[in-house]
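Inside the fold
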Amino acid sequence: YGKDSVFLDLDDMDSTTGNWDMYGMDDQKRYPDPQAAFFDRAADGLSRREAMYAFLGVFGGAGIVTWGALGSKQAKLPITVGPQEPPAKGPGGKI
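Quantities reported herein were computed from a predicted structural model and do not represent experimental measurements.

1. Some thoughts on the overall build of the chain
- Of the regular secondary structure elements, the chain holds five helices and zero strands.
- Its helices and strands in sequence order give the chain the pattern α-α-α-α-α, from N to C terminus.
- Buried residues in the chain amount to 3% of all 95 residues.

Structure representation (structure tokens):
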């Protein structure tokens, strides 16, 4: 990637790729207690795979149906708008 590691300094990896000790946290207590408790309770129902599949199935399906009913009309897709001009006459004056 460039001559003599111009784009990547192998001797100074902390400055090149970032320093995990400066930006990252490895301990378990990285959020305030009320915030951690809220997200633990909010995500508790989605911790099982079957619950996540059900959540995605219901809300994903509802999103697709909603977009199909409303979004396609708002996007003015050709299938919802219909022809804008009268059809051109072909050979012999027929459509």
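2. Structural notes on the packing of aromatic side chains
- Taken as a whole and judged by the stated rule, the model has two aromatic pairs.
- Seen in terms of ring centroids, Phe38 and Phe39 are 5.0 Å apart; in terms of plane orientation they differ by 80 degrees. Their pairing is edge-to-face.

3. Things to note about the pattern of salt bridges
- By the definition in use, this model includes one salt bridge.
- In this structure, the salt-bridge partner of Arg48 is Glu50, at a minimum N-O distance of 3.5 Å.
- Arg48 sits in the exposed class, given a relative accessible area of 57%.

4. What to know about helix H4 (residues 49-74)
- Over its 26 residues, H4 extends 35 Å from the first C-alpha to the last, a length consistent with the 38 Å expected when each residue adds 1.5 Å.
- At Gly68, H4 shows its largest kink, close to 40 degrees.
- Phi turns positive one or two residues past the end of H4, at Lys76, with a value near 55 degrees.

5. Things to note about a nonpolar patch on the surface
- A cluster of nonpolar side chains, contributed by Leu46, Met52, Phe55, Leu56, Val58 and Phe59, occupies part of the molecular surface with about 540 Å² of accessible area.
- Checked against the element boundaries, Phe55 lands in helix H4.
- For Phe55, a relative accessible area of 35% puts it in the partly exposed group.

6. Things to note about the confidence of the model for the chain
- Mean pLDDT for the chain: 79, with 77% of residues reaching 70 or above.
- No element of the chain has a lower mean pLDDT than helix H2 (residues 20-23), which averages 62, and none a higher one than helix H3 (residues 33-42), which averages 88.

7. A few points about unusual backbone geometry
- Backbone geometry at Lys76 places phi at a positive 55 degrees, although glycine is not the residue there.
- Assessed through its relative accessible area of 63%, Lys76 is described here as exposed.

Cut-offs used in this document
Residues numbered from 1 in each chain as written. Predicted model: local features only at pLDDT ≥ 70, side-chain atom pairs only at ≥ 80, totals over all residues. Heavy atoms only, no water. Helix = DSSP H or I, 4+ residues; strand = E, 2+ residues; numbered from the N terminus. Buried < 20%, exposed > 50% of the residue type's maximum accessible area, 1.4 Å probe, protein only. Phe/Tyr/Trp six-rings, centres within 6.5 Å; stacked < 30°, edge-to-face > 60°. Salt bridge = Lys/Arg side-chain N within 4 Å of Asp/Glu carboxyl O. Expected span 1.5 Å × (residues − 1). Bend = angle between axes of the 7 residues up to and from the residue. Patch = residues over 30% accessible without salt bridge, like charges linked within 9 Å, V, L, I, M, F, W, Y side chains within 5 Å. Areas by Shrake-Rupley, 256 points an atom, 1.4 Å probe, with all protein chains shown as cover. pLDDT = per-residue confidence, 0-100.

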